[in-house]
Amino acid sequence: MLYIYPNRVETLKLAFGAQIKEPRAKLTMCGRFILTSPGKDLAEHFGLLTEPELSPRYNIAPTTEVATIRLEPGSNSRRLTYLKWGLIPFWAKDTSIGSNLINARCETLSQKPAFRAAFKSRRCLIPANGFYEWMKTKERKQPYLIQMTNGSLFAFAGLWEHWEGQENVVLESCTIITTESNDFLRPIHDRMPVIISSKDYDSWLIPKVSGRDLLQPYPSSEMIYFPVNPRVNRAVYGNPDCVEPVFRAESDTESLSLID
DNA sequence: CCAGACGTTGTT
DNA sequence: GTCTGG
DNA sequence: CCAGACGTTGTT
DNA sequence: GTCTGG
């Protein structure tokens, strides 16, 4: 029909009536994070009974399995399990909706059909040592890593779901809740993931508490961010140099050079 | 009543 | 499953 | 979140 | 532009 090779972009613009846009310099939302602490540290931080086997992950992407902390059914002990990132509601006919539900707005959790049930009774914590945001310029997408000032382990507020497909296929999945940004991140973006203070872990996980009051922007004073190696842009690339700080030249035409 | 959506982010 | 739109 | 695909027919 | 896969 209209797919002609050499001038593919121009052809597609014609095909889809695309407008030519000038991207603006602005950070986008959290859809990628890291978990690098050893299992021993997670066990300590979350009070796990057994020490999990973990290898550091420098580029955790949607649709992959992520480590989560949930309450053991029937008890209040915490357990680490892996869930697919991208929530699949129990009523979904197939799993394709999941990749759209990697985040959930905290303001509407109790109204949205996709999250309402999970918000009542299926909460989790998602351990992380940092998350990525991207600055878009005309030339490139520059990733930034956002962390606690001391680089320590923390936890996103999450929800999870149980889904059953045909032939006994069972899938458990999760989503990360977002809220308005704190003062530190607001100038560059108006949303950020909800981070739960360690003193509030039980309040979040035990669903008898409403939990609404915990879904606040985390304090600015405890956060830092810096530009990192753009190799992290590829979701399949997971080497430690993802978190390598880079010095961003003022001019877009200059290449990036490493600090240190 | 049935059919179809059910979500976020970002743009314009 | 449950809500909205027709 | 970003990267990469984005289509059909037929045949080997 | 918009959807899918990671």
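Residues numbered from 1 in each chain as written. Chains lettered and ligands numbered in written order. Predicted model: local features only at pLDDT ≥ 70, side-chain atom pairs only at ≥ 80, totals over all residues. Heavy atoms only, no water.

J.: Help me out: how do you make sense of the sheet that holds strand β7 (residues 130-136) in this one?
T.: The strands making up a sheet are joined through hydrogen bonds of the backbone, oriented either antiparallel or parallel. If you trace the 5 strands from one edge of the open sheet to the other, you get β2-β1-β7-β8-β12, paired in antiparallel fashion. Because the sheet does not close on itself, it has two edges, and the strands there are β2 (57-60) and β12 (223-227). Each neighbouring strand pair of the sheet contributes to a mean axis angle of 30°, computed without reference to strand direction. Note: strand β8 (residues 141-148) against β12, 5 bridges, orientation antiparallel. Looking at β12, one finds that Gln147 is bridged to Ile224. (Pairing = 2+ DSSP bridges. Helix = DSSP H or I, 4+ residues; strand = E, 2+ residues; numbered from the N terminus. Axes fitted to C-alpha atoms, helices over the stretch in contact; angles between N-to-C directions.)

J.: Looking at this structure, how should I read the layout of surface pockets?
T.: Left-over empty space is what a probe sized like a water molecule reveals as it rolls over the atoms. Of the volumes computed, that of the largest pocket is approximately 170 Å³. In terms of residue class, the lining of the largest pocket is built from 5 nonpolar, 3 polar and 4 charged. (1 Å grid on protein atoms, 1.4 Å probe; cavity = no way out; pocket = protein on both sides within 12 Å on 5 of 7 lines; lining within 4 Å. Points joined across faces, edges and corners; volume = space filled by probe spheres on them. Nonpolar A, V, L, I, M, F, W, Y, C, P; charged D, E, K, R; others polar.)

J.: Would you take a moment to explain the protein's contact with DNA strand B for this structure?
T.: With respect to spatial proximity, 16 residues lie near DNA strand B, and among them Asn100, Leu101, Arg105, Pro113 and His189 are the closest. The sugar-phosphate portion of DNA strand B accounts for 70% of its atoms within 4 Å of the protein, the bases making up the rest. A distance of 3.1 Å separates a phosphate oxygen of DNA strand B from a polar atom in the backbone of Pro113. Side-chain polar atom of Thr178 to a phosphate oxygen of DNA strand B: 3.0 Å apart, as the coordinates give it. Sort the elements by how many residues they give to the surface near DNA strand B and strand β5 (residues 103-105) lands first, with 3 residues. Here the residues of the surface near DNA strand B are counted per class, giving 7 nonpolar, 5 polar and 4 charged. (Near = heavy atom within 4 Å. Polar contact = N/O pair within 3.5 Å; in protein donor to acceptor, adjacent residues only side chain to side chain.)

J.: Looking at this structure, I do not really get the environment of Phe131. What am I missing?
T.: Inspection of the secondary structure puts Phe131 in strand β7. Put simply, Phe131 and Phe33 are 98 residues apart on the chain and 3.9 Å apart in space, counted from C-alpha to C-alpha. Filtering out sequence-adjacent residues up to four positions away, Phe131 remains in contact with Cys30, Arg32, Phe33, Tyr144, Leu145, Ile146, Phe154, Phe156, Leu185, Pro193, Ile195 and Met223. (Contact = heavy atoms within 4.5 Å.)

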